[in-house]
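Chains, contacts and geometry: an overview
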Amino acid sequence: MTAPLLRVAALGVGAYQNSSEELLDEAERGIRRLCAEGAALILLPELFALPFYAADDPLRWGEAAEDLEGATCSWARRLAAETQTAIVFGMALADAAGARPANAVVLAAPGQTPMVVQRKIHLAPAAGEPFGETDHFAQGPAALHCFDYRGARFCPLVCYDRRYPECWRSAGRDGADMVLVLVGGPTADPPGLFEAELRTHARANALYALAACRFGNEEVTGRLQRHAGETVAFGPDGGELPADGRTVLLDIEPGRLAAARQHNPTHRTLRLNHQASERAFA
């Protein structure tokens, strides 16, 4: 049996109640616990230290965004150094030119300066609310970026980006071993759809899927906002991995990846492409 590539974890974070500092403290307690269990990389949710404010007036949230020298990245950099564990987290990243911030994924690895590894590509529609994500955030470039850490290759997707099969296909073609899905905010999905999405994409592209989600209810914007995600993981064969809804701890196993890719090679045998489809239906 081959040795695992890496032990990784996902940590759900609760709802915003009084301050970002409370959420940072909650996340730190969870990170230290998972480090004690051997996690070398820990995933946190989308915008994990902020309330869900996408449906609210953007003028109220102008100071929510930070740069890479701000309090959230400083916290992550310190904690990564103290625990010798990489932390992947979501934040509102301020634009140096004063434009709308990005809904970004940041990697804080031990001994390194925190770096942006992805910006949210697809911004969820307002869905009947007076404001939506496009009022608060700038769309990220139409490109996915994998990163390597201690022998494993990761591709982050921010919440709504998981809806698009092309994102998963791109991750598979770029050699990702695991897709990291950062989730926050409400959803009107039927029960089980979120898990079914992750399971299907993991199996179709023969890679691990790991999701870290917010949970609980918020009223800081004056309306009830419910974080409805489940922190879960699926193997490259589509099998669900043990989780308690709030945390997941798993080993990336090279043998499981190889077996899935041999048994189900759809990730590398697709013959269609976007241009060919357009011509066929013109």
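Below is a short write-up of the structure. All of these numbers come straight from a predicted model, not from anything done at the bench.

Examining the pairing of strand S5 (residues 115-119)
Two strands pair when backbone bridges link them, and strand S4 (residues 102-108) and S5 are joined in this way by 4 bridges, in the antiparallel orientation. Bridge pairing links Leu-107 to Met-115 in S5. Connecting the antiparallel pair S4 and S5 is a turn made up of 6 residues, with Gly-111 showing a positive phi of about 75°.

Things to note about helix H2 (residues 71-83)
Given a rise of 1.5 Å per residue, 13 residues ought to cover 18 Å, and the 18 Å separating the end C-alpha atoms of H2 matches this to within 8%. For H2, the set of buried residues is Thr-72, Cys-73, Trp-75, Ala-76, Leu-79, Ala-80 and Thr-83. Around the axis of H2, the buried residues are gathered within 155° of arc, so they sit on the same side. Turning to H2, the residues buried within the fold contact helix H1 (20-36), strand S3 (86-93) and S4. One or two positions beyond H2, positive phi appears at Gln-84, with a value near 55°.

Focus: the pattern of salt bridges
A side chain with one charge can pair with a side chain of the opposite charge if their charged atoms come near. Overall, the coordinates contain 19 salt bridges when judged by the stated rule. Among the ionic pairs, Arg-78 bridges to Glu-28, the shortest N-O distance being 2.8 Å. Within this pair, whereas Arg-78 is found in helix H2, its partner Glu-28 is found in helix H1, the two being separated by 50 residues in sequence. Exposure remark for Arg-78: the relative accessible area of 33% places this residue in the partly exposed category. Residue classification places Glu-28 among the buried residues on the basis of a relative accessible area of 14%. With a closest N to O distance of 3.8 Å, Arg-261 and Asp-177 form a salt bridge. Of the two residues, Arg-261 sits in helix H6 (residues 254-263) while Asp-177 sits in the loop between helix H4 (165-173) and strand S8 (178-183), which places them 84 residues apart along the sequence. Sharing partners across several salt bridges, the network here consists of Glu-28, Arg-32, Arg-78 and Glu-82.

Cut-offs and rules
- Residues numbered from 1 in each chain as written.
- Predicted model: local features only at pLDDT ≥ 70, side-chain atom pairs only at ≥ 80, totals over all residues.
- Heavy atoms only, no water.
- Pairing = 2+ DSSP bridges.
- Helix = DSSP H or I, 4+ residues; strand = E, 2+ residues; numbered from the N terminus.
- Expected span 1.5 Å × (residues − 1).
- Buried < 20%, exposed > 50% of the residue type's maximum accessible area, 1.4 Å probe, protein only.
- Arc of directions from axis to C-beta.
- Contact = heavy atoms within 4.5 Å.
- Salt bridge = Lys/Arg side-chain N within 4 Å of Asp/Glu carboxyl O.

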